[in-house]
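# Coordinate analysis (summary)
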Amino acid sequence: MKVKRCFLEWSLVSRRFAVALTFVLGGGMLLAANLVPLKGVVKDASGEPLAGVTVRIKDGKSGTITDVNGHFVLDVEKGKKLLLSYIGYSETEVLVKDDQQMQIVLKEDAQQLQEVVVVGYGTAKKVNLVGAVDQIDSKQIAERSNSNISRSLQGMVPGLNITFSDGKPSRTPSINLRGTGSIGAGGSALVLINGVEGDLNSVNPADVESVSVLKDASSAAIYGARGAFGVILVTTKNATAGKTKINYNGSFSMHQRTVKTEDGIVSNGLQWTDGWYTAYLEGQEAPPGGINNVFKYSTDWYNELVRRDADPSLDKVRVNDKGEYEYFGNTNWLDIIYKDQNYSTEHNVSISGGNERARYYVSGRYYNQDGIYNAGDEKYTQYNIRSKGEIQINKSLLLENNTDVMIFRSHQPMVMYDRQNITRQAQHQGYPVTMEKNPDGTWTEAAVYIGWAGFVEGTSWQKDNKLDVRNTTTLTYTPIKQQLIFKGDFTYYSSKSTRLRAENQYNYYTGPEIMGTRNTFSSLENMDYNKEYLSSNITGNYIPKFSNSNHYLNVLLGWNLEHQDYKTIQTYRRGLISATKPSFALMDGDYYTTGQGGNEWAYVGFLYRLNYNYKSRYLAEVSGRYDASSKFPENQQWGFFPSGSLGWRISEEPFMKSTRNWLDNLKVRASVGSLGNGNVSPYLYLSTIPIKKTVISSVLLYLIKSLCFTSSVVCFAHNRYRSITAIIIKYTPK
């Protein structure tokens, strides 16, 4: 769902903005009178004019750019400030004085050229990159108020495609880099949070320091079979020395759908029926006997619809001679179901400080968003806690620990049968001529069939609870400062999720004395998902210091190990005794199933990377990884994935000196590499026969017995899959 968001931050900055806005609106005529044409010229430190510099009024909308001679003209009020920005130069702020001819000098921004970018198992200067890598920082992320990082990244990085199937805060996005990566096996970009695989939705956006995106085989080869579809590296904020700092920010947001279908549909019953009837006769010769499988159609009913539409004082419901209700409504079901807007609130607190020997960073976040439905008590709540600490044991030994806890809870109403989407049900049964309720307040069949009755009564729902705990401990040993660095880390990650679903039956009336029930049974289902993940990395960096500073060399060697154990347990039973108190202890149904499944996999890899450059002008990099994965047969578990790349910064050549007043950085690069796809299900190479349904049939019972008790191949496959299914079948011979 696309939404418009109104962001309100409770801070002194917002109040100052409000005062300034009042002044502008109240004194617009006065400001216009004080505007004067300001002329100026912009040059660099050597006195060369700069063309294309952006010149704008601070806190205003007016602006211009300099011409080929560096000149600009702009109407501005005295006392205002100008902001000048240009690629490769520091942003400059200038106060407008009485002088109507200004001479402004921009300084080169060495920091932009020396910007450090996070890459696989390390960092690199942006100018020396030879792979396809993009990075955005915390400032860019903070400019977008979103419930999770995934939404903040949309449109920020070229080639990074992030799509959502709906607007739920918990929705996991589909992520691909530079298009679809595989036709058959599928796959998504590898997401690493502080070097460990994770979920973007679990990260507090306020904790993020930077996000790097590795797009090509050259930059991602160091991740081997794990990086086949690109890599996203999320780095959170570090502990910093200094006085204790406490930061708080809170927001209240209003979400509104950009497209409201209910505003564009036909809600007049007669108008809709005429259109439907015309469309029906296009494909059928005989007159219709019903609008669908529920709502009956006749000439007598249509004539009555015309009469009641012409006289609004008449009731929209009548009882025919069979004792059945007939409806003549003008109902906009989507308007009944959906809110015009929904709201969310967020609170973030962080505390940081320390000294040269010990530093800390602790943050907490609360996020809550209500749902889009007018009933059903839909809500999403998320808590984040992060604690980072560093202890400088001695000059060469640094101990770091990073603990992250995420708690997520959601409650959402559900259509009571087949887990259908309520919008789809409204399209199928929500015709304008139908009604929500009968004159006596009972539900109509349309309201129950659509699922709206279950939403209002609040007894068909899904609850999700998730607890993620991740801890990473890192030890860094630096025997030779800035030249020889060894690093080892160990991560433990636990994710426990529970999903509880309740589905109930609902009564409706098609006449004052005619009752029906939709959904042939009530049910309760519980699903438990447990994941345990272990990861360890050991790397060594050697950066020699040459007597000739024109040469730069960085050698990285490393080892990586990952192991994941995933288990599921499912319990399902029909026959709830109480709709308002769903419990497996309060059920009387004979039909129930239990199941258990899961998988286990492991990776081990040896990695390397060598970077060399001469005068930051000629660049070269080779990298690769020798990987093994348990997801493949024993004779196909190992693979080697190398890459190489070359770069040439033409802008640093002596013959390009004359262009440096307008050309910041011109680089040509070429790369080649290979990656394997290890992002597949663990047991695709094995033959398995899943049994998913319980059916009362002596034939199936015999088949199950044959497969599970006489076939050693199938039983072996199921053992490798770590899946145990208990199937209870009630069979009564005739």
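Let us look at the pattern of salt bridges. Within the structure shown, the criterion is met by 27 salt bridges. Two residues, Glu-562 and Arg-226, come together in a salt bridge whose shortest N-O distance is 3.1 Å. With Glu-562 in strand 30 (residues 551-574) and Arg-226 in the loop between helix 6 (217-220) and strand 17 (231-236), the pair connects residues that are 336 residues apart, well separated along the chain. For the pair shown, Glu-562 and Arg-226 are each scored as buried. The salt bridge involving Lys-379 is made with Asp-377; its shortest N-O contact spans 3.8 Å. Sharing partners across several salt bridges, the network here consists of Asp-300, Glu-304, Arg-307, Arg-308, Arg-318 and Glu-326.

Glancing now at the sheet that holds strand 15 (residues 196-197). Ordered in space as 11-16-17-14-15, the five strands form an open sheet in which the pairing is mixed. Every interior strand has two partners, whereas the edge strands, strand 11 (133-137) and strand 15, have only one. By the bridge criterion, two bridges tie strand 14 (residues 190-193) to strand 15 in an arrangement that is antiparallel. Its bridge partner being in strand 15, Ile-193 is matched across the sheet by Val-196.

Under the definition given, this model contains 23 aromatic pairs. Each residue in the set Trp-272, Trp-276, Tyr-277, Tyr-280, Phe-295, Tyr-297, Trp-301, Phe-328 and Tyr-431 is aromatic and connected to the rest through ring pairs, giving one cluster. Above the plane of the ring of Trp-443 lies Lys-437, whose end atom (NZ or CZ) is 4.6 Å from the centre. Taking the ring centre of Trp-601 as reference, the NZ or CZ of Lys-631 above it sits at 4.8 Å.

On to the confidence of the model for the protein chain, then. Low-pLDDT stretches of the model should not have their predicted coordinates read in fine detail. Across the protein chain, pLDDT averages 84, with 87% of residues at or above 70. Low pLDDT, under 50, characterises residues 1-33; the predicted model gives this stretch 43 contacts beyond four residues in sequence or across chains. In the predicted structure, residues 695-734 sits below a pLDDT of 50 and forms 48 contacts with residues beyond four places in sequence or in another chain.

There is a patch of nonpolar side chains on the surface, built from Ile-246, Tyr-248, Val-349, Ile-351, Tyr-360 and Val-362 and spanning about 510 Å² of accessible area. Relative to the helices and strands, Ile-351 resides in strand 21 (residues 342-354).

It is worth spelling out unusual backbone geometry at this point. At Asp-377, a residue that is not glycine, the phi angle is positive and equals roughly 55 degrees. You will see that Ser-616, though not glycine, has its phi angle at about 55 degrees, which is positive. When you line up the elements, Ser-616 lands in the loop between strand 31 (592-614) and strand 32 (618-629). The exposure class of Ser-616 is partly exposed, given its relative accessible area of 24%.

Remark: helix 7 (residues 269-283) packs on helix 8 (residues 299-310), axes separated minimally by 9 Å, with the N-to-C direction vectors making an angle of 145 degrees. Handedness of the helix 7/helix 8 crossing: left-handed. Across the interface between the two elements, Gly-269, Leu-270, Thr-273 and Asp-274 from helix 7 touch Trp-301, Tyr-302, Leu-305, Val-306 and Asp-309 from helix 8.

Attention shifts here to the pairing of strand 3 (residues 54-57). Here strand 3 shows one buried face, formed by Val-55 and Ile-57, and one open face, formed by Thr-54 and Arg-56. With three bridges joining them, strand 3 and strand 4 (residues 63-65) adopt antiparallel strand pairing. When the sheet's bridge partners are listed, Val-55 is paired in strand 4 with Thr-64. Note that strand 3 and strand 6 (residues 81-86) share four bridges and pair antiparallel.

In terms of strand pairing, strand 27 (residues 506-511) meets strand 28 (residues 514-518) through five bridges, oriented antiparallel. From the neighbouring strand, Tyr-509 faces strand 28, where its bridge partner is Met-515. Where strand 27 folds back onto strand 28 in an antiparallel hairpin, the turn is made up of two residues.

Its location among the elements puts Gly-70 in the loop between strand 4 and strand 5 (71-77). Spatially, the C-alpha atoms of Gly-70 and Val-41 are 5.2 Å apart, while their sequence positions differ by 29 residues. Here Gly-70 is in contact with Gly-40, Val-41, Val-42, Pro-49 and Leu-50, once residues within four sequence places are set aside.

A word on helix 7. Note that an α-helix has 3.6 residues per turn; residues three or four places apart therefore point the same way. The end-to-end C-alpha separation of helix 7 is 22 Å, in line with the 21 Å expected for 15 residues at 1.5 Å each. Here helix 7 has its buried residues at Gly-269, Leu-270, Trp-272, Thr-273 and Trp-276. For helix 7, the arc enclosing every buried residue in end-on projection is 155 degrees, short of the 170-degree limit, so these residues lie on one face. Buried-residue contacts for helix 7 involve helix 8. A side-chain oxygen of the first residue of helix 7 lies 3.1 Å from the backbone nitrogen of Leu-270; this N-cap is Asn-268.

What counts, and where the lines are drawn
- Just so you know, the residues in each chain are numbered from 1, in the order the chain's sequence is written.
- Totals for whole chains, interfaces and linings use all residues, but because this is a predicted model, local features are given only for residues with pLDDT of at least 70 and pairs of side-chain atoms are given and counted only at 80 or more.
- Side-chain numbers come from the whole structure's heavy atoms, not from hydrogens or water.
- Salt bridges are defined as contacts in which a side-chain nitrogen from Lys or Arg sits within 4 Å of a carboxyl oxygen from Asp or Glu.
- Runs of E in the DSSP output that reach at least two residues are strands. Runs of H or I that reach at least four are helices, and both are numbered from the N terminus.
- Only protein chains enter the area calculation, which uses a 1.4 Å probe; residues under 20% of their type maximum are buried, those over 50% are exposed, and those in between are partly exposed.
- For two strands to count as paired, DSSP must find a minimum of two bridges between them.
- Working definition: a ring pair exists when centres of Phe, Tyr or Trp rings (six-membered ring for Trp) sit within 6.5 Å. Plane angles under 30 degrees give stacked, over 60 give edge-to-face, the rest tilted.
- Charge over a ring is defined by NZ of Lys or CZ of Arg lying within 6 Å of the ring centre and within 35 degrees of the ring normal.
- Confidence scores here are pLDDT values: one per residue, from the predictor, ranging 0 to 100.
- Contact criterion: two residues are considered in contact whenever any of their non-hydrogen atoms come within 4.5 Å of each other.
- What goes into a patch is any residue over 30% in relative accessible area without a salt bridge, connected to like charges within 9 Å or, for nonpolar side chains (Val, Leu, Ile, Met, Phe, Trp, Tyr), within 5 Å.
- Methods summary: accessible areas were calculated by the Shrake-Rupley approach with a probe of 1.4 Å, and residue burial reflects only the protein chains presented.
- Angular values range over 0 to 180 degrees, each being the angle between N-to-C directions of two axes fitted as lines to C-alpha atoms, with helices fitted over their stretch in contact.
- The handedness criterion is simple: a crossing whose near helix is rotated anticlockwise from the far helix by less than a right angle is left-handed, and one whose near helix is rotated clockwise is right-handed.
- For a helix, the expected span equals 1.5 Å multiplied by the residue count minus one.
- The arc in question is the one traced by the directions running from the helix axis out to the C-beta atoms.
- Each polar contact in these results corresponds to two N or O atoms within 3.5 Å; when the atoms are within protein, one needs to be able to donate a hydrogen and the other to accept it, and residues that are neighboring in sequence are counted only if both atoms are side-chain atoms.

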